[in-house]
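The primary structure of each chain is shown beneath.
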Amino acid sequence: MFQSPYPSIDVPDQSIYDYLFASLGDDDLDRVALVDPSSGAETTYRALRAQVDAFAGALAARGVDTDTVVAMLCPNVPAFATVFHGILRLGAAITTVNSLYTAREIENQLRDASATWLVTVSPLLAQAKAAADAAGIADDHVIVLDGADGHPDLRSLLTEGRTPPEVSFDPATHVAVLPYSSGTTGVPKGVMLSHRNLVANVHQCRSVIEISPDDRVLAVLPFFHIYGMTVLLNLALRQRATLVTMPRFDLMEFLRVVQEHRCTFLFIAPPIAVALAKHPAVDQFDLSSVHSVFSGAAPLDGETAETAGRRIGARFFQGYGMSELSPVSHAIPAGSGFPVSSVGVLIPGCDAKLVDPETGAELEQHGDDGLTAPGEIWVRGPNVMLGYLNRPDATAETLDADGFLHTGDIGVHHVDGYFTIVDRLKELIKYHGYQIAPAELEALLLSHPKIQDAAVIGVRGDDGEEIPKAFVVAAPDAGLTAEDVMAFVAGQVAPHKKVRRVEFIDVVPKSTSGKILRKDLRAREAV
Ligand code: 4UW
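Reading the values: the criteria
Residues numbered from 1 in each chain as written. Predicted model: local features only at pLDDT ≥ 70, side-chain atom pairs only at ≥ 80, totals over all residues. Heavy atoms only, no water. UniProt positions renumbered as here; feature names shortened; annotations may be inferred. Helix = DSSP H or I, 4+ residues; strand = E, 2+ residues; numbered from the N terminus. Pairing = 2+ DSSP bridges. Salt bridge = Lys/Arg side-chain N within 4 Å of Asp/Glu carboxyl O. Buried < 20%, exposed > 50% of the residue type's maximum accessible area, 1.4 Å probe, protein only. Disulfide = S-S within 2.5 Å. Phe/Tyr/Trp six-rings, centres within 6.5 Å; stacked < 30°, edge-to-face > 60°. Lys NZ or Arg CZ within 6 Å of the ring centre and 35° of its normal.

Asks: Can you walk me through the UniProt feature "domain: AMP-binding enzyme C-terminal" (unreviewed entry) in the protein in this structure?
Replies: Cross-referencing UniProt, the feature "domain: AMP-binding enzyme C-terminal" (unreviewed entry) maps to residues 440-515 in the present numbering. Helix makes up 21% of residues 440-515 and strand makes up 30%, while its end C-alpha atoms are separated by 15 Å.

As C-alpha cells, then:
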C-alpha cells in the first residue's frame, strides 16, 4: 500500500458552511470573494456570507429543509456561490446539472435525484422549464436568478432579509451534493458526497495546492463539475482568494480576462493547456500575472504543459481525481519538481493500492526504471463518497469492504513517491474533461428505428483528443448514413456527448453473458 507523504490530518467535524463561513476572521470580511468580469461587480466575503444567509432564510421559509434536493442548472456567475452555499447551509442536497444539457438530459437527472426545486438563469429557462414540467416541478419551485415572469428571482428572495433557521445534521453521513458520474460502468449515477467529504477534500488540498488570500483565481472550469466545485467554490473561497468567474470558455475572452483582472492562478483542463502552448493569440496578451496553472480531468501531455509554462512564464502542475473522490486524491506539490506529466503524490489522508487488473495482485515493487508495473488505482480516505444514490449494486462494485474506491484508472508509482496515469480500464470516455457514458449513448442509438445494435468507445481524434466513436449495426436495407447517426444523437444530447465518428459493422462483439467486448473494439481500432 502507498501512503501520502504528508502527516495525517484531522478532518474538522463541521458542515461545509461552517467550515467556509463560520471561520471567517475580521481581516477576511472586506476581501473580495468574487468578481464578475462582465460587469466588474465585486462581492466581498462579508457580502457573500450575508447573501448566503439571506438566500437560505428565503428557501427555508418556502419549506426547503434537510430532506430537500435542489437542482442547479447554472453557468459560472457569482450568484452560483450564494445559491450553492445557501442551500447547503439548510442541509438540503444539491444536484448540479451540466448547463449545456438538453431538456431530456436535465429531466433524467431531476427525476433520478428526486429534485423538487430547480435554480437556473433566464438564458437556460426554455430547457429548464421543459424538464421541470416533465418532472412535475411547478414554476414557483423554479428559481430564475435574473428573473422571469411567474418565477421567484434572486433579488426578491434576498431582499426578504430572512434569517436562516438553526439546522442540525451529522456532517459525516448527511448528503451535501449529488454530482452525476457513470463511474466504472453504466449510465450516470448520483454520487453521494457528504458534508464531511467536501470539508475533508478542501482540508486535504490546502497544504498541497497552495492558494493564498492574495491569489486571483480564474473560475472558468464549471462550478457544476466536481473539479470546479471543490477546487474553486470551496478551496479558493476557504483560502480567502478572489474568484474571477467566466460563464463559458472562449480563448480570446479567457486571455482578455486573465490580462485585465491580473489572474494569478489558473485551473484548467488539458485542451486549454494545448491552446496556451500553441495558439498564436496567446502572445498578444500580458499574462505575466499568472504564477501557477493546474490541469486535471483528463490526461495532460507533459511536453505541451512545459511549452505552455515557458511561454507564459508560469509553473504548471497536474492533479488527478474523480467525482467519487470529492474529487482530488493526487496533486503535484509546489516546489516538488515532480514531472508535470505525473499527477503527483497522494494528498494528506489518502492511501492507495495499485492492483493488477488480471490477477488482483498488489503491485509495490519498483523496477530499474524506478517504476512499478501498471495497475488499477484504488484510493481510500475521508474524501471517498458515501455511495451511488439508490444504486447499492453499483456502490458495491466500486467501493470495497476495506473502504478502497476502485477508480478504473491505470497508473504507475515512481520510487520518488509520485504517480502517473497511463491508461483507463473503465468504459468512461472524456471529451474536453467532461464525462461521456458509452451506455447512455448506446441506449440512445438503440432507440433509432433503423439501428439494430450499437457500441460506443473512446478513440483518438485527428488532434489526439479522445472522442466517442459509435459502431452501429444498421437494419438491412435501412439506407442509414454516418451523418444520419451523428445528427440523431446530436439532436438529443449536450454538445460534448455528440458521436463524432461512426463505423457500420455486422455484429457487435459480445461475451456469452451479453456484455459488449469493448476491448475487441479497441483492438480493432489499434490495427
Ligand atoms: N489524468 C488522466 C488526470 C485526470 C484523469 C481525471 O468527471 P470526473 O468524475 O472527475 C474529474 C476530476 C478532475 C480533477 C479533480 C481534482 C484535481 O485536482 C484536478 O486537477 C487539478 C482534476 O474529472 O472524471 C474522473 C476521471 O477523469 C479522468 C480519470 O479517468 C478519472 O477517473 N482524469 N484527472 N490528471 N485522467
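Asks: I tried to follow the sheet that holds strand 11 (residues 216-219) on my own but got confused; where do I start?
Replies: Spatial ordering of the open sheet is given by 3-2-12-11-13-14-15-16-17, a layout of nine strands whose pairing is mixed. Edge positions in the sheet fall to strand 3 (41-44) and strand 17 (345-346), since each of these pairs with one other strand and no more. Alignment of strand 13 (residues 265-268) against strand 14 (residues 292-295), held across four bridges, turns out to be parallel. The residue of strand 14 that forms the bridge with Phe267 is Phe294.

Asks: Just to check I follow, could you spell out the pattern of salt bridges for this structure?
Replies: Two side chains carrying opposite charge are able to pair once their charged atoms lie near each other. Per the stated rule, a full pass over the model turns up 25 salt bridges. Here Asp351 ties to Arg380 by a salt bridge, and the two come within 3.2 Å at their closest N and O atoms. One end of the pair, Asp351, is in strand 18 (residues 351-355); the other, Arg380, is in strand 19 (residues 375-380), with 29 residues separating them in the sequence. By relative accessible area, Asp351 is classed as buried at 15%. With a closest N to O distance of 3.7 Å, Glu427 and Arg518 form a salt bridge. Here Arg518 lies in helix 15 (residues 518-526) and Glu427 lies in the loop between strand 22 (419-424) and strand 23 (429-431), a separation of 91 residues in the sequence. Here Arg518 falls in the buried class, since its relative accessible area comes to 10%.

Asks: Explain the state of the cysteines here, please?
Replies: Linking two cysteines covalently through their sulfur atoms gives a disulfide. The final tally for this structure, using the stated rule, is zero disulfides. Cys74 takes part in no disulfide bond, and the closest cysteine sulfur, belonging to Cys263, lies 20 Å away. Its relative accessible area of 0% is what places Cys74 among the buried residues. Its sulfur unpaired, Cys350 is 8.8 Å from the next cysteine sulfur, which belongs to Cys205.

Asks: Sorry, what's going on with the packing of aromatic side chains here?
Replies: One pair of aromatic rings is described through two measures. These are the centre distance and the angle between the planes. Evaluated as defined, the whole model comprises 12 aromatic pairs. When the ring of Tyr227 is compared with that of Phe267, the centres are 6.5 Å apart and the planes differ by 90°; the resulting orientation is edge-to-face. Of this pair, Tyr227 sits in helix 8 (residues 226-238) while Phe267 sits in strand 13, and the two are 40 residues apart along the sequence. A relative accessible area of 12% places Tyr227 in the buried class. The exposure class of Phe267 is buried, given its relative accessible area of 1%. Among the aromatic residues, those joined into a ring-pair cluster are Tyr227, Phe265, Phe267, Phe294 and Phe317. Cation over ring: Lys189 sits above Tyr388, and NZ or CZ is 5.3 Å from the ring centre. Above the face of the Tyr19 ring, Arg238 is positioned so that its terminal group lies 5.0 Å from the ring centre.

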